[in-house]
Protein chains: 2
Amino acid sequence: MGKVAVIGVGMTPVKSSSGKSLTELFVQAAKQAIEDAGVNQVDAMYVGNMMSGFLQNQEHLGSLMASALGREGVPTYKVEAACASGGVAMNAGVKAALSGLDRIVLVGAVEKMSGHTTPQVTAGLMMAEDRLKVATSGVTFVGLNAMIAREYMHKYNVRHDEMAQFPVLCHGNALDNPNAQFRKKITVDDVLQSALVADPLRLYDCSGIGDGAAAVVLAPAEEAKTFTDTPVEVVVSSVATDTLSLYQRKELTIFEGSRKAAEEAFKRAHLTPNDIDVLEVHDAFSVLGVMALEDLGFADKGSGTKLLSDGTCNRDGKLPTNTFGGLKARGHPVGASGMYQVAELALQLSNRAEKCQVRDARVGLSQSVGGIGSTVAVHLLRSL
Amino acid sequence: MGKVAVIGVGMTPVKSSSGKSLTELFVQAAKQAIEDAGVNQVDAMYVGNMMSGFLQNQEHLGSLMASALGREGVPTYKVEAACASGGVAMNAGVKAALSGLDRIVLVGAVEKMSGHTTPQVTAGLMMAEDRLKVATSGVTFVGLNAMIAREYMHKYNVRHDEMAQFPVLCHGNALDNPNAQFRKKITVDDVLQSALVADPLRLYDCSGIGDGAAAVVLAPAEEAKTFTDTPVEVVVSSVATDTLSLYQRKELTIFEGSRKAAEEAFKRAHLTPNDIDVLEVHDAFSVLGVMALEDLGFADKGSGTKLLSDGTCNRDGKLPTNTFGGLKARGHPVGASGMYQVAELALQLSNRAEKCQVRDARVGLSQSVGGIGSTVAVHLLRSL
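Residues numbered from 1 in each chain as written. Chains lettered and ligands numbered in written order. Predicted model: local features only at pLDDT ≥ 70, side-chain atom pairs only at ≥ 80, totals over all residues. Heavy atoms only, no water.

The next thing to look at is the overall build of chain A. Summing up its helical and strand segments, chain A has 14 helices and eleven strands in all. The C-alpha atoms of chain A give a radius of gyration of 19 Å, which matches the 21 Å a tight globule of 384 residues would have. Dimensions of chain A, computed from C-alpha atoms along their principal axes, come out at roughly 55 × 45 × 35 Å. Within chain A, the fraction of its 384 residues that count as buried is 69%. Put simply, of all contacts in chain A between residues at least 6 apart along the chain, 76% involve residues at least 24 apart. (Helix = DSSP H or I, 4+ residues; strand = E, 2+ residues; numbered from the N terminus. Rg over C-alpha atoms; globule rule 2.2 N^0.38 Å. Buried < 20%, exposed > 50% of the residue type's maximum accessible area, 1.4 Å probe, protein only. Contact = heavy atoms within 4.5 Å.)

In this structure the tally under the stated criterion is two cavities of 30 Å³ or more. Roughly 60 Å³ of internal volume is contained in the largest cavity. In terms of lining residues, the largest cavity is bounded by Tyr46, Tyr77, Asn91, Ala92, Lys95 and Ala96 of chain A together with Tyr46, Tyr77, Ala92, Lys95 and Ala96 of chain B. Secondary structure elements with two or more residues in the lining of the largest cavity: helix H4 (85–98) of chain A together with helix H4 (85–98) of chain B. Here the lining of the largest cavity is composed, by residue class, of eight nonpolar, one polar and two charged. Residue lining of the second largest cavity: Val6, Ile7, Gly8, Val9, Asp36, Thr228, Thr230, Pro231, Val232, Ala346, Ser350 and Arg352 of chain A, and that is the complete set. Looking at the lining of the second largest cavity, its residues break down into six nonpolar, four polar and two charged. (1 Å grid on protein atoms, 1.4 Å probe; cavity = no way out; pocket = protein on both sides within 12 Å on 5 of 7 lines; lining within 4 Å. Points joined across faces, edges and corners; volume = space filled by probe spheres on them. Nonpolar A, V, L, I, M, F, W, Y, C, P; charged D, E, K, R; others polar.)

Attention now moves to the nonpolar core. One broad rule of soluble globular proteins: the nonpolar side chains tend to lie buried together. By size, the foremost hydrophobic cluster in this structure holds 90 residues, and its most contacted members are Val6, Val216 and Leu218 of chain A together with Val6, Val216 and Leu218 of chain B. Residue contacts for Leu218 of chain A: discarding those within four places in its chain leaves Val4, Ala5, Val6, Met90, Gly93, Val94, Arg103, Ile104, Val105, Val107 and Val234 of chain A. (Core = buried A, V, L, I, M, F, W, Y, C linked by side-chain atoms within 4.5 Å.)

Time to look at the interface of chain A and chain B. Facing the 57 residues of chain A at the interface are 57 residues of chain B. Both sides together, the interface formed by chain A and chain B hides about 4,400 Å², and carbon and sulfur atoms give 55% of it. Taken as a group, His60, Tyr77 and Lys95 of chain A account for 17% of the area that chain A buries against chain B, more than any other trio of residues on that side. The interface formed by chain A and chain B holds two salt bridges in total. (Buried area = accessible area lost by both parts, 1.4 Å probe. Salt bridge = Lys/Arg side-chain N within 4 Å of Asp/Glu carboxyl O.)

Residues and elements named next belong to chain A. Here Gly2 lies in the segment before strand S1 (4–11). Judged by its relative accessible area of 47%, Gly2 falls in the partly exposed class. In this structure, the C-alpha to C-alpha distance between Gly2 and Ala221, residues 219 residues apart in sequence, is 7.6 Å.

Just distances and angles here, no functional claims.
Put into structure tokens, the structure is as follows:
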């Protein structure tokens with residue numbers, strides 16, 4: 001089987017209210033990635049997005065975006081897996097490239113959440129869960145994650161202030177990222193004293209509502225150096241699922257999808273968690289960031305927060321994590337976040353992360369989560 | 001590159017009001033396909049659908065359906081390209097199989113349109129076009145197709161009664177299909193005298209609103225005969241796009257996406273239109289069925305209706321077309337129709353089409369159209 005590499009990267013700043021349309025956001029990121037790659041031709045493209053049908057009453061984003069890019073003709077379609085839409089779009093692009101049918105593949109993802117009321121966005125997020133059996137109960141998406149947080153704290157005897165180190169880390173990293181939505185230093189006390197959203201989750205435990213798009217260009221790895229001096233190989237693209245709904249789980253504090261996708265990725269890549277130099281995880285809520293450290297194999301269950309308190313996850317630590325600010329501070333334009341992660345990893349591994357740069361980063365891992373851990377996309381990238 | 005074959009087929013009857021949920025519809029078709037294939041394991045699955053976000057306020061259909069099938073864990077996501085969602089889901093499944101990453105792939109597509117008012121469904125269909133620039137003008141999706149019909153009739157001097165032969169053909173074929181939505185013989189006069197929907201399109205020129213799901217199971221072609229005596233090879237899966245919107249086109253009566261997808265398919269397969277024994281085209285409106293015959297290479301521009309009047313498209317003709325009733329009479333559960341076509345072709349090419357069976361069918365072609373010809377998926381299938 002051939003190998004695939006990232007040869008170009010683009011992204012818009014994440015903004016609470018961009019003033020741009022879905023199309024404008026996507027086109028900005030896609031053009032930047034195409035220009036960065038220095039390619040003329042694009043053989044196929046894939047568009048990740050979760051909520052355009054519900055919020056913008058717009059589907060058919062594949063043709064819409066190809067048309068807006070002046071690239072009508074190319075094979076393209078939208079792929080969706082809730083909050084993991086960006087991650088699975090990457091998977092679709094990688095599979096297309098590996099199929100031998102498409103040589104240069106553009107993968108992008110976009111979400112526009114501004115221009116709608118918080119109840120509308122909240123209803124939209126709930127499309128990630130079972131509409132008939134769960135959403136009708138009145139519970140919100142934040143509420144479901146709050147149940148996970150409460151159970152996690154109880155089961156492993158973890159305090160809120162320990163979990164709160166995760167958003168503090170992210171906000172610190174975002175200070176150096178000009179594309180970040182929230183460039184504001186916060187403390188653990190700020191988190192604990194912020195407004196209660198769904199007990200125990202407080203405002204600073206939760207990622208915000210934002211607009212954004214990110215994109216990468218893929219090419220066969222053996223040709224990659226003809227396009228750029230710093231290509232990044234996609235060693236593995238792995239997707240796994242779990243039961244859709246939280247009520248179907250025996251265990252709330254482990255995302256089996258994360259475990260499965262990571263295990264498969266490490267196995268196929270012949271790598272272990274020790275080989276990872278930089279990590280991007282799906283910290284839509286503090287507890288998810290901590291759980292990710294455990295489920296992906298970097299910490300024992302219940303001990304994820306130790307990697308925060310001992311500095312392991314710092315940008316100058318052994319496992320730099322969410323180095324551009326993560327979902328919490330770079331921002332979480334839902335269906336695009338998984339693509340931001342991949343784009344940011346590619347920047348790190350090509351030594352182009354500027355003020356966010358991690359030293360000597362050669363191998364990176366991203367984890368994108370859809371719904372309540374119901375879909376997880378893991379990508380393992382490596383400098384070529 | 002390896003080859004891929006269809007080893008199992010499933011579909012629900014298309015109904016104006018099924019009384020079933022999106023999940024129940026998908027599961028019925030998927031279980032039937034899995035049982036037909038006789039497989040235990042499924043390595044990946046893809047779900048085609050257009051309108052679940054808008055109509056059911058439900059996304060994340062990949063995990064939802066995997067979970068409902070008791071197959072949580074498998075990699076899966078939703079793929080969407082408006083009315084071609086079923087066709088592009090097939091493309092995603094084929095690429096996954098060709099990538100070498102997934103051996104047994106389930107591809108299904110589902111749409112539930114019942115339980116909503118016609119204005120709601122009409123608004124949903126318009127998500128296939130540009131919401132900001134076109135939908136806001138007030139034109140409907142039928143209205144756009146009516147403009148195409150008017151231009152086609154004018155440009156090629158084709159009469160309505162000539163185009164009306166298409167739905168008559170489809171209704172005739174559907175009489176033998178127990179899964180068809182409309183099993184009622186109609187005449188050209190019935191079409192011409194039916195209610196006006198959007199001039200010149202009348203009720204019987206237009207496919208209806210319905211619920212349905214269809215699915216196939218894919219396996220490596222070289223293993224296919226271990227599962228079934230009658231596997232059907234997917235010779236080519238090809239997707240092409242055009243400008244999203246009708247106003248962006250210089251020419252309304254040719255779908256360049258159809259031409260491009262078909263040309264690529266024939267070229268890659270080393271086949272010509274003369275090799276096609278059975279054809280399934282996207283006749284959402286009479287004019288589109290006629291145009292498909294031309295754009296795919298079976299008739300010169302403006303002369304598609306001749307293949308209807310001379311009997312070529314009849315089930316016992318040289319080019320049996322829409323042999324189970326097509327979108328018009330089998331039904332058009334929008335995002336699922338492209339998958340029904342592939343499933344029906346697979347039945348034809350494995351000599352399992354029962355009363356709809358075409359004699360000596362060895363090679364088949366399906367064409368699934370998204371939006372106003374904005375995305376087109378073409379599949380070339382062959383008996384193994």
